[in-house]
Amino acid sequence: PTALMDIEHVPLGPGEQPLPLLQLPSLCLTRIMHLLPFQSCLLLSVVCRELRDLVQREILRGVRSLAFDNLPGTHVGEALAWTFRSSNAPHLPFLRSVSASGSAALQPLLAAAASQAAVLRQLTSLQLDCVKQLQETQLEAILTACPNLEVLSLPRCGRLGDAAAQAVGRLLPRLRVANCSDWSALGDGGVAALALGCSGLEDVALDGCLRELLLRQCPRVSLVGLLGRCRALTSLDLSGCPRVETSALRSMLAGCGGGLTSLQLNGCVGVGGEALVGLGAACPRLARLNLRGLTLQDCHLRDLSLSLAWCTKITDAGLAPLVERNPGLQDLDMEALYLCSDALLGRLAAAAPRLDRLCIRMCHRLSAAAIVDLVRATRMSALLVSGIMDEAGTLDLVARVKAARPGCTMHW
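In this text, all values refer to a predicted model and were calculated from it rather than measured experimentally.

Undergrad: Would you mind going over the sheet that holds strand β9 (residues 262-264) in detail, with residue names and values included?
TA: Reading across from one edge, β7-β8-β9-β10 is the order of the four strands in this open sheet, with parallel pairing throughout. If you trace the sheet from one side to the other, it starts and ends with β7 (212-214) and β10 (288-290), each paired once. Across the sheet, the axes of successive neighbouring strands diverge by a mean angle of 5 degrees, strand direction being ignored. Looking at chain direction, β9 and β10 are connected through three bridges and run parallel.

Next comes the structure, spelled out in structure tokens:
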């Protein structure tokens, strides 16, 4: 409908009467216009010059935001091109927010930035979703033309990274809200530049971006549960953050724990030992954990679990010392640890008598005798075996385990 604004208005012919709608009192007609959807007003504006002038005077002048997210395909481009047209600037004096989605939004924005469109300078909010072709140099050109932005939302613009964040920090000093979700190339340098350049920043979304985050000695940090949305996070340091609590930490780990390899919690005095419950299951890739200064008790170590599934290069030499340093281990997942042997099971039996659950799928170097000895030496109640021996051998192993520990549940 926005393209219809260009249609030439044909004057009335001899004997033709003006529209009955135009014979209504002006206040009544204005009221009707304000009750109509914005799209319908634009359609009416092409009927005649009088209605066009009325729409421009009464409707466009009151528009504060335009959302084109739901327009299909090329209509998004047409709508944005109309919005940024220089002839429309006097009729949109209060427009402050524009939102659009899809690749068709890019070219009209670039054209408007190149021509220094007046509408861009008055915007305080720009939201572009899934403009996958948007490059960092193009974003810089757009932001240069929008110096007054306070809200910038660019989710799923996957080509953006550190250079884009640096441009935001340099060009948008008034920015309060930034959405950088799924900027796959965004790193520490970009986040730092964003924070340093936008001193008034209140809300930042970095879902799917952050890989390493250091919040050491940040005494005001508490709502770390929000970090659960950063599923690409691999390293997190919360050392010396006393306001972080157990519930917030659990919420965070439920979201991003699957990718964490390093977690530093030393000095997080607000985190209780209950946070350890299920830590192994929530963070199966965790290789480094620092709990210095936490109020841990023996009961908090009873649910220690360790998942090393598909860490195919681990051998007895690396795993055995780790097991021996954790005598409270109850749950161990060794699936596809092809290089581990019976010697490891012997050391496991001696070091972890409280072992309750064990997964040894596809650990084909293990023998039935070593597995049965481990079951006898521990509190084993669940054993997952498959891919170790042939069917006859597996059935024999099941029978021997059942004889050694009748209550042990077998999965094969």
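Undergrad: Got a sec to walk through a nonpolar patch on the surface? Specific residues and values, please.
TA: Taken together, the side chains of L24, I32 and L36 define a hydrophobic patch exposed on the protein surface, amounting to about 190 Å² of accessible area. Along the chain, L36 turns up in the loop between α1 (26-35) and α2 (38-44). Taking the relative accessible area as the measure of exposure, L36 reaches 31% and is therefore partly exposed.

Undergrad: Pulling in residues and values, what's your account of the packing of helix α7 (residues 136-144) against helix α8 (residues 162-171)?
TA: Look at α7 against α8: their axes get within 9 Å of each other, and the N-to-C directions meet at 15 degrees. With respect to their mutual orientation, α7 and α8 come out roughly parallel. Note on packing geometry: the crossing formed by α7 with α8 is right-handed. Taken together, the residues of α8 that come into contact with α7 (itself represented by E136, L139, E140, L143 and T144) are D162, A163, A164, A167, V168, R170 and L171.

Undergrad: Report on the packing of helix α13 (residues 342-351) against helix α14 (residues 368-377), specifying residues and quantitative values.
TA: Where α13 meets α14, the closest approach of the two axes is 9 Å, and the angle between their N-to-C directions is 5 degrees. If you check the angle between α13 and α14, you find them roughly parallel. Along the contact surface, α13 presents D342, L345, L348 and A349, while α14 presents A370, I371, L374 and A377. A per-class count over the contact of α13 with α14 returns seven nonpolar, no polar and one charged.

Undergrad: Go over the sheet that holds strand β1 (residues 65-67) with me, naming the residues and quoting the values.
TA: What the six strands build is an open sheet, ordered β1-β2-β3-β4-β5-β6; its pairing is parallel. What marks the edges here is a single partner per strand, and that holds for β1 and β6 (203-205). Strand-to-strand, the axes of this sheet are offset by a mean angle of 5 degrees, without reference to chain direction.

Undergrad: Let's hear about the environment of A145: which residues, and what values?
TA: For A145, the location among the structural elements is in the loop between α7 and β4 (151-153). On the basis of relative accessible area, A145 is assigned to the buried category, the value being 1%. For the pair formed by A145 and L123, sequence separation is 22 residues and the distance between their alpha carbons is 9.7 Å. If sequence neighbours within four positions are ignored, A145 has contacts with A113, Q116, L120 and R121.

Undergrad: Before we move on, could you go through unusual backbone geometry and cite the residues and values that matter?
TA: Residues other than glycine seldom take positive phi values, yet D182 does so here, at roughly 65 degrees. Positioned with a positive phi, M362 is a non-glycine residue whose angle comes to about 65 degrees. In this fold, M362 is placed in the loop between β13 (357-359) and α14. What makes M362 partly exposed here is its relative accessible area of 27%.

Undergrad: Describe in detail the pattern of salt bridges, supporting the description with residues and values.
TA: Applying the stated criterion across every chain yields a total of nine salt bridges. The closest approach of N and O atoms between E150 and R176, which form a salt bridge, is 3.2 Å. Here R176 lies in the loop between α8 and β5 (177-179) and E150 lies in the loop between α7 and β4, a separation of 26 residues in the sequence. The shortest N-O distance in the salt bridge between D331 and R357 comes to 3.1 Å. Here the residue D331 occupies a position in strand β12 (residues 331-333), and R357 occupies one in strand β13, the gap between them amounting to 26 residues.

Rules behind the numbers
- Residues numbered from 1 in each chain as written.
- Predicted model: local features only at pLDDT ≥ 70, side-chain atom pairs only at ≥ 80, totals over all residues.
- Heavy atoms only, no water.
- Pairing = 2+ DSSP bridges.
- Helix = DSSP H or I, 4+ residues; strand = E, 2+ residues; numbered from the N terminus.
- Axes fitted to C-alpha atoms, helices over the stretch in contact; angles between N-to-C directions.
- Patch = residues over 30% accessible without salt bridge, like charges linked within 9 Å, V, L, I, M, F, W, Y side chains within 5 Å.
- Areas by Shrake-Rupley, 256 points an atom, 1.4 Å probe, with all protein chains shown as cover.
- Salt bridge = Lys/Arg side-chain N within 4 Å of Asp/Glu carboxyl O.
- Buried < 20%, exposed > 50% of the residue type's maximum accessible area, 1.4 Å probe, protein only.
- Parallel < 35°, antiparallel > 145°, perpendicular 65-115°, else oblique.
- Left-handed = near helix turned anticlockwise from the far one by under 90°.
- Contact = heavy atoms within 4.5 Å.
- Nonpolar A, V, L, I, M, F, W, Y, C, P; charged D, E, K, R; others polar.

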